[in-house]
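Below, each chain spelled out in residue letters.
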Amino acid sequence: MILRTQKPPKRHGPDTSIQDTWTSLSHAIKEIQNERAHQLSFEENYRYAYNLVLFRQGDFLYKNVKTLITENLSNLTEEHIIPAFATGNHDDPVTRGQEGEVLMKGVRKVWDKHNSSMRKLSDILKYMDRVYTVSAEVPQIIPAGLKIFIDDVLHRTTAPVQEQIVSAILGQVQVERDGYSINQTAVKECVDIYLQLEDSSGKQLYFSDIEPTFLGETRKFYVQEAQKLLETCDAAEYLRRVEQRLDAEDMRSYYYLSASTATAVRAIVEANLLSPHLQTIISMPESGLDVMIDANRLDDLNRMYRLFFQFSASTGGPQALRKGLKDSIISRGRTINESNDPANTTINAPEEEEGQERSGKGKGKTPAPVQTLTIALKWVQDAVDLKDKFDMILKQAFQGDRTCELAISEALGSFINQNPRAPEFVSLFIDENLKKGLKGKTDDEIDQVLDKTITLFRFLTDKDTFERYYKTHLARRLLFNRSVSDDAERGMLAKLKVECGVQFTKKMEGMFNDMKLSSDVVAAYREYLTNTTAPTVEINVTVMTSTFWPTTNSGASCTLPSQLLQACNSFERFYNTRHSGRRLTWQPALGNADVKVQFKAKRHDLNIATMAVVILLLFENIADDDFLTYEDIQKSTSIPDPDLQRHLQSLACGKWKILKKHPESRDVSTGDSFSFNSGFTSPLQRIKISPAASRVESQEERKETQDRIEEERKQQADACIVRIMKDRKVLGHNELVNEVTRQLAHRFQPNPAMIKKRIEALIEREYLERREDRKSYNYL
């Protein structure tokens, strides 16, 4: 057996040469820097450094170690970094990218070698770090090494290392922005060096050496990019490119730059690609906001919303998009209003209703009321479709954004109320649907139609105008039994009550109550007739409370023939036995009758208006070849001209020609004469003949209605002013006007000038008086 004894480490004492100790230690340090530390003894080299510090040679040791570090970094820079400098002679982006990659790998290699050696040096110089650096107030060896790396590698004065590195990083970024692939890991490893190093103020070197230059070059790039995209892309493609750029810059910042750079880069992209061009993007011809809406390009609209709201929120993006939405809706609404204006619209007549037919001379012309009804229905449907379209866009593209919803509502309300006949049109639409438009539909479908109509109703400012028209149309449906569904009628009434309160629907509910009570009255009348002599004509009466029904004060009257008069008198006698102090006023314009008429071929059962019966009975006792003039008929019946012409037109010019008109034509004039058409034939036994369409008001009727509405508004304004002043006693003019406007807004939008006139009228009637300041009022 062979035994080997290890030579004990040499003890260092006062007789040991400092130079010899340093020579041994410096040799070990160089071996560590050359990556041959495995051949060294840690204990021996630690003792060398320990003794130098122990014998007051810490300053000598510290300075010489720094010198060795500097020399090593200089050698590494000369070997790995400077030879990799870019030549700048290549136009090919791929080649430039490869050059930059080689340089960044070289820098990283030097950094890794330096860090590896410094960690080992720190281990053998621990005593120096613990004792000397503290007393001398100098950095420990690793921070000192980092400072040397900054000064002698990155900020080297003899070679433009810093400029080359920054240029390489920016070059890699530019190559990637141009659409080429790069080695992102190499860039990340190089940038990480700058993120780990700090300057004298403790700030990461990245934010002073790389980020400012990077942001400056990014700004220049996107100024040029914006101009290029505007020249080559439509709106949708432009937004796609912007989104791609933002995503790419975010990925770039988070993956191989600094996460804190992402915010600054997004701001640059937004400031150059979005903010200056918001309106340009929205209004791009053939591709802007309007085109996207027309084509239902929800993905593009959603992208526009996200970019405008998320990235341009502080520079007017949301405001620009909301304005674009409002302008688009108002423009479309203006088109709807213009295309559905009865004054400049011609529509082919729809399939004729009962009692109407196009005669030869009038072929191709639509009666004004029918034309206006068609326009009204189309206008409402177009408005509903427009709202549905933007509701869908709001939900699917704009994520239900509340501010966009308000902008859409404001625009819809604006265009709807620009049409002065909007309240009438909405009421006509409901009337048409509740009469025949809902046949065959389920309860859910009925409710959906009514809900959409109520949505339009909410936009109306003149709700009192709508109320007047709706009551008139409801009265006709109830009196002529034309409602498809009583449940639908009451459902609509319930919706109106929810929107406007009980007072709004009080009279309408009274109309329903009258219909129910009338059934009971008629049943009692039938019982009454069993005990007395019944009239020759059987009648069915609807007793209407005059304050509830809008038609009771305006219905046309006529001279009833003796047969009808007898029946009316009979009912009046019965009614007066049940109610005292009530006065019945007959409304023949609102009734209809079943009449058996004998023609040469056969007898037919006709269902016609009461006034038509009055006219037809005039021909009962004259020969078939005799005739009555228009004047004769009017003198005998006392029916007003408009109603007389309507009923004569239905009897002589419609599909069922019960009377002959001389001369033949479509329209009735005061010079015409009429005879009974005894040769009338029809395969139908029972024939219903409705008067010519009159659901839509004529110009004169509309003016009369508007006058009534204005009068009612004056009364409502008066009552509102008195109510406010009674409560406040003293109030300034502006405060009074504002309060009246607020309280009446649920009925109509009062004009300040109208309120001022009503105040003047109340002063004259001594409800109010002006105070001495002439700016306020007292309640008397």
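In what follows, the accompanying structure is described.

## Considering the packing of helix H28 (residues 699–728) against helix H30 (residues 752–764)
Closest axis-to-axis distance for the H28/H30 pair is 10 Å, and the angle between their directions is 65°. Here H30 runs roughly perpendicular to H28, going by the angle between their axes. Viewed along their axes, H28 and H30 form a crossing whose handedness is right-handed. Residue-level inspection shows Arg713, Lys714, Ala717, Asp718, Ile721 and Val722 of H28 in contact with H30, the latter providing Met754, Ile755, Arg758, Ile759 and Leu762. When the residues that make up the contact of H28 with H30 are grouped by side-chain class, the tally is seven nonpolar, no polar and four charged.

## Regarding the environment of Ile608
Counting through the fold element by element, Ile608 comes out in strand S2 (residues 603–609). Overall, the relative accessible area of 1% leaves Ile608 in the buried class. Spatially, the C-alpha atoms of Ile608 and Ala593 are 5.5 Å apart, while their sequence positions differ by 15 residues.

## Some details on the sheet that holds S2
Judged by pairing direction, the sheet is mixed, and its three strands sit side by side in the order S1-S2-S6 without closing on themselves. Each edge of the sheet is formed by a strand with only one pairing partner; in this case those strands are strand S1 (592–598) and strand S6 (686–688). Strand-to-strand twist of the sheet, defined as the mean angle between neighbouring strand axes without regard to direction, takes the value 25°. Bridging between S2 and S6 involves three bridges; their strand directions are parallel. Across the sheet, residue Leu606 finds its bridge partner in S6, namely Ile687. In this fold helix H25 (residues 610–617) packs onto S1 and S2, with an angle of close to 130° to the strand it touches most, S2.

## Describing the sheet that holds strand S3 (residues 628–629)
Taken in spatial order, the three strands of this open sheet run S3-S5-S4, and their pairing is antiparallel. The sheet terminates laterally at S3 and strand S4 (659–662), the two strands that pair on one side only. Pairing analysis gives four bridges linking S4 to strand S5 (residues 673–676), with the strands arranged antiparallel. By the bridge assignment, Lys660 is partnered in S5 with Ser675. In this fold helix H27 (residues 641–652) packs onto S4 and S5, with an angle of close to 110° to the strand it touches most, S4.

## Digging into the pairing of S2
Among the seven residues in S2, six count as buried, and that is most of the element. Here S1 pairs with S2 via seven bridges, running antiparallel. Of the residues in S2, the one forming a bridge with Val595 is Leu606. Connecting the antiparallel pair S1 and S2 is a turn made up of four residues.

## Comments concerning the environment of Val291
Tracing the backbone shows Val291 in helix H14 (residues 289–294). Put simply, Val291 and Gln448 are 157 residues apart on the chain and 29 Å apart in space, counted from C-alpha to C-alpha.

## Examining the pattern of salt bridges
Tallying each qualifying case throughout the model produces 52 salt bridges. Two residues, Arg36 and Glu31, come together in a salt bridge whose shortest N-O distance is 3.0 Å. Residue classification places Glu31 among the buried positions, given a relative accessible area of 10%. One salt bridge in this structure joins Glu739 and Arg742, with 2.6 Å as the shortest N-O distance. With Glu739 and Arg742 both in helix H29 (residues 733–744) and three residues apart, this pair spans about one turn of that helix. On the basis of relative accessibility, which here comes to 14%, the residue Glu739 falls in the buried class. For Arg742, a relative accessible area of 54% puts it in the exposed group. Linked through salt bridges whose partners overlap, the residues forming this network are Glu237, Arg240, Arg241, Glu243, Arg297, Asp300, Arg303 and Arg306.

## So, the nonpolar core
Core analysis: the largest hydrophobic core is formed by 150 residues, its most contacted members being Leu61, Phe308 and Phe398. With 11 residues, helix H17 (residues 368–396) is the largest single contributor of residues to this core. Dropping the residues within four chain positions of it, Phe308 is found in contact with Leu239, Leu274, Leu278, Ile281, Ile282, Ala313, Gly317, Pro318, Ala320 and Leu321. Of all hydrophobic cores here, the second largest spans 35 residues; its members include Ile639, Leu648, Leu659 and Ile687.

## Some points on the layout of surface pockets
Considered as a void within the structure, the second largest pocket measures approximately 280 Å³ in volume. Considering the residues around the second largest pocket, the lining is formed by 13 residues, among which Lys596, Val597, Leu616, Leu617 and Glu620 are closest to the centre. Those elements giving two or more residues to the lining of the second largest pocket turn out to be S1 and H25. It is S1 that provides the largest number of residues to the lining of the second largest pocket, a total of four residues. Here the lining of the second largest pocket is composed, by residue class, of nine nonpolar, one polar and three charged.

## Concerning the pairing of strand S9 (residues 776–779)
Note: strand S7 (residues 730–732) against S9, three bridges, orientation antiparallel. Within the sheet, the bridge partner assigned to Leu731 lies in S9 and is Tyr777. In this sheet, S9 lies alongside strand S8 (residues 768–770) in antiparallel orientation, the contact comprising three bridges. Bridging from a neighbouring strand, Arg770 pairs with Tyr777 of S9. Hairpin connection, S8 to S9: the antiparallel pair is bridged by five residues, and Arg774 has positive phi, about 65°.

About the thresholds
Residues numbered from 1 in each chain as written. Predicted model: local features only at pLDDT ≥ 70, side-chain atom pairs only at ≥ 80, totals over all residues. Heavy atoms only, no water. Axes fitted to C-alpha atoms, helices over the stretch in contact; angles between N-to-C directions. Helix = DSSP H or I, 4+ residues; strand = E, 2+ residues; numbered from the N terminus. Parallel < 35°, antiparallel > 145°, perpendicular 65-115°, else oblique. Left-handed = near helix turned anticlockwise from the far one by under 90°. Contact = heavy atoms within 4.5 Å. Nonpolar A, V, L, I, M, F, W, Y, C, P; charged D, E, K, R; others polar. Buried < 20%, exposed > 50% of the residue type's maximum accessible area, 1.4 Å probe, protein only. Pairing = 2+ DSSP bridges. Salt bridge = Lys/Arg side-chain N within 4 Å of Asp/Glu carboxyl O. Core = buried A, V, L, I, M, F, W, Y, C linked by side-chain atoms within 4.5 Å. 1 Å grid on protein atoms, 1.4 Å probe; cavity = no way out; pocket = protein on both sides within 12 Å on 5 of 7 lines; lining within 4 Å. Points joined across faces, edges and corners; volume = space filled by probe spheres on them.

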